[in-house]
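Geometric and topological summary
Residue-level listing of the chains:
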Amino acid sequence: MAQIVGAIATSHIPAIGKAIAENKQNDPYWKPFFDGYGPALSWLKQARPDVVVMIYNDHGLNFFLDKMPTFAVGAAAQYRSEDEGWGLPVLNSFPGDAALSWHIIEHLVADEFDITSCQDMAVDHGFAVPMNLLFPNAGGKWPVTTVPVSINTVQHPLPTPLRCWKLGRAIGRAIESYPKDLRVVVFGTGGLSHQLDGTRAGFINKKFDLYCLDTIVRDPEALTKLSVIDLVREAGAQGVEFLNWITMRGALLGNVSQIHRNYHIPISNTAGATLVLENRTAAQSQAA
Amino acid sequence: MQHHDIPGTIVYDGAEAQKGYALNAMCYSFNAAANREEFKRDEDAYCTKYGLNDEQRAAIRERNVLKLLAAGGNVYYLAKFAGILNLNVQDLGAQQTGMSVEAFKEKLAAAGR
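Here goes a summary of the coordinates provided.

Procedures and definitions
- Numbering of residues starts from 1 in each chain and follows the order in which that chain's sequence is written.
- Throughout, the order in which chains and ligands are written sets their labels, letters from A for the former and numbers from 1 for the latter.
- In view of the model being predicted, local features appear only for residues whose pLDDT reaches at least 70, and side-chain atom pairs are presented and counted only at 80 or more, with totals across whole chains, interfaces and linings using the full set of residues.
- Values shown for side chains rest on all heavy atoms present in the structure; no hydrogens or waters enter the calculation.
- Under the DSSP-based scheme used, a helix requires at least four consecutive residues in state H or I and a strand at least two consecutive residues in state E, with every element numbered from the N terminus.
- Per-residue accessibility, obtained with a 1.4 Å probe over protein chains only, is compared with the maximum for each type, and a residue is labelled buried under 20%, exposed over 50%, and partly exposed between these values.
- By definition in these notes, contact holds between two residues if any of their heavy atoms fall within 4.5 Å.
- Residue-level accessible areas treat just the shown protein chains as cover; the underlying method is Shrake-Rupley with a 1.4 Å probe.
- Neither His nor the chain ends is counted toward charge; the positive residues are Lys and Arg and the negative residues Asp and Glu.
- The location of each charge is read from NZ of Lys, CZ of Arg, CG of Asp or CD of Glu.
- Only the six-membered ring of Trp is used, alongside the rings of Phe and Tyr, when aromatic pairs are assigned; centres must lie within 6.5 Å, and planes under 30 degrees apart are stacked while those over 60 apart are edge-to-face, with the rest tilted.
- Put simply, a charge is over a ring when the Lys NZ or the Arg CZ is close to the ring centre, within 6 Å, and near the line of the ring normal, within 35 degrees.
- Any two strands with at least two DSSP-identified bridges between them are counted as paired.
- All axes are obtained by fitting lines to C-alpha atoms, using only the stretch in contact for helices, and the reported angles, taken between N-to-C directions, cover 0 to 180 degrees.
- By buried area we mean the combined loss of accessible area, with a 1.4 Å probe, across both parts when two parts are placed together.
- Every case where a carboxyl oxygen of Asp or Glu lies within 4 Å of a side-chain nitrogen of Lys or Arg is listed as a salt bridge.
- Residues adjacent in sequence count toward polar contacts only when both atoms are side-chain atoms; beyond that, a polar contact is any pair of N or O atoms within 3.5 Å, and within protein one must be able to donate a hydrogen and the other to accept it.

1. Some words on the overall build of chain B
Summing up its helical and strand segments, chain B has nine helices and zero strands in all. Start at the N end of chain B and walk to the C end: the helices and strands fall as α-α-α-α-α-α-α-α-α. Its C-alpha atoms give chain B principal-axis dimensions of about 45 × 35 × 20 Å. For chain B, the residues scored as buried account for 45% of the 113 residues in total. Long-range pairs, those at least 24 residues apart, make up 47% of the contacts in chain B between residues at least 6 apart in sequence. For chain B, the exposed area adds up to about 5300 Å²; of that, 52% sits on carbon and sulfur atoms. If the 13 positive side-chain charges of chain B are averaged to one point and the 14 negative ones to another, these points end up 4 Å apart.

Below, the structure is given as structure tokens:
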């Protein structure tokens, strides 16, 4: 059976992709951020994932306001990296696992999540930057297959934190009912606090971010009591991307422990963050 | 519009999305290099092609972020317009807050202390 071995949450802003393209990892501005990835890479190496389920948001590459799905799941053999308009390098396409995607789609709809399925999908920095960060030596040959799960964080009404938590639970159940022996890692991308638009642009809330980083590990259901407006107020208009993190955490159905975390202000206009979580079944926890 | 009391902050909802549809559609087209080039060759004609209203056209002409937002622009699509102008999100933040770019960067750094 497929098994979710853990999860990684990470920032995904385009500036990170640019810094990678320009080899600025050791630049004094970037070093405190990139140094946070060493332990994540070590963990990922021993986790040996076959599949990454990528919970992210599109920022106007694949979806426009003409059709805006609240939840969309990719079901393609591959996902294209494309020009987003500001000069980030286009990466090699990301391989999909259409059979697993359709399994997840069938389970989600049976579980009353009426998602949009996408057989043709371009993935933007919300997907590509985390892949680039966490598979830095892939050289364009990605070592995992992927399943994109895109959550609307662009046009309100957005799904509530509670709904995203429940979606995560349903994704977790769907994956764990897949008969093939696959090792799955869930990525949740974006955040943490930031606001790009309006006269409050540049808003960052360290206190709230640290609360979120603590709470998502030990008491994630407390986060489901927040409203979307609470998230806008406390995390900033674009800090609502934390919905991706809540969904990711929901997918971890076992005993969850924190392996690593990093938090650094600022990267571009955001608080940058990385969190690595291990997910063990009850049986694994007993054996350990 | 969803009720909120958060100063200086847009909750980009259906009313905004209807108001800004043409402006955002134009900015969405800037994902393609050929469209960016076409815009640069004749901005006015490109705005006409996408059916921008007078307020939106003026905001584009003035490169004024707050006016673009007031005209229904969504920041994620507007970012593609900013890309054409070689402006990054610190430049946009500085313009919206009336600060110098250096002062805006210092404000971001200060949030970490």
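2. Re the packing of aromatic side chains
All names here are of chain A. For the coordinates displayed, the defined rule picks out 21 aromatic pairs over all chains. Members of the aromatic cluster, each reached through a chain of ring pairs, are Tyr29, Trp30, Phe33, Phe34 and Tyr37. The positively charged end of Arg200 is found above the aromatic ring belonging to Phe203, 3.8 Å away from the centroid.

3. A look at the sheet that holds strand β10 (residues 255-267) of chain A
Residues and elements named next belong to chain A. As summarised here, the arrangement of the eight strands in space is β6-β3-β8-β2-β9-β1-β11-β10, forming an open sheet in which the pairing is mixed. If you trace the sheet from one side to the other, it starts and ends with β6 (116-118) and β10, each paired once. On average, each strand axis in the sheet is inclined to that of its neighbour by 15 degrees, with strand direction left out of account. In this structure, β10 lies alongside strand β11 (residues 270-280), joined through ten bridges in antiparallel fashion. In the sheet register, Asn255 faces β11, and the bridge partner there is Arg280. Here helix α3 (residues 38-47) sits on the sheet and contacts β1 (3-10), β9 (183-189), β10 and β11; the angle it forms with β1, its principal contact strand, is near 165 degrees. Against the sheet, helix α5 (residues 125-134) engages β1, β2 (51-56), β8 (145-151) and β9, with an angle of about 135 degrees to β2.

4. Focus: the interface of chain B and chain A
With 43 residues of chain B at the interface, the matching set in chain A holds 39 residues. Between chain B and chain A lies a buried interface of about 3500 Å² when both sides are counted; carbon and sulfur atoms form 59% of it. Considering only the side of chain B, the residues that lose the most area to chain A are Tyr76, Tyr77 and Leu108 of chain B, jointly responsible for 18% of the buried surface there. If you look at where chain B meets chain A, you find two salt bridges. With its nearest N and O atoms 2.8 Å apart, the salt bridge here joins Asp83 of chain A to Arg36 of chain B. The interface formed by chain B and chain A contains 18 residue pairs in polar contact (both at pLDDT 80 or more). At the level of secondary structure, the elements contributing two or more residues to the side of chain B that touches chain A comprise α1 (14-19), α2 (21-29), α3 (33-41), α6 (65-70), α7 (75-84), α8 (89-97) and α9 (101-110) of chain B. Top contributing element to the side of chain B that touches chain A by residue count: α7 of chain B, with seven residues.

5. Points about the pairing of β9 of chain A
Residue and element names in this part refer to chain A. In terms of residue burial, β9 counts as a mostly covered element, since six of its seven residues are buried. Examined bridge by bridge, β1 and β9 share seven bridges and lie parallel to one another. Directly across from Gly6, in β9, lies its bridge partner Val185. As paired elements, β2 and β9 share five bridges and run parallel to each other. Within β9, the residue paired with Met54 across the bridge is Phe187.

6. Quick notes on the pattern of salt bridges
Where side chains of opposite charge bring their charged atoms close, a pairing between them can arise. Evaluation of the coordinates by the stated rule reveals 19 salt bridges over all chains. The salt bridge partner of Lys67 of chain B is Glu62 of chain B, with a shortest N-O separation of 2.7 Å. By relative accessible area, which is 41% here, Lys67 of chain B ends up partly exposed. A single network of salt bridges, built from pairs that share partners, joins Lys18, Glu22 and Lys24 of chain A.

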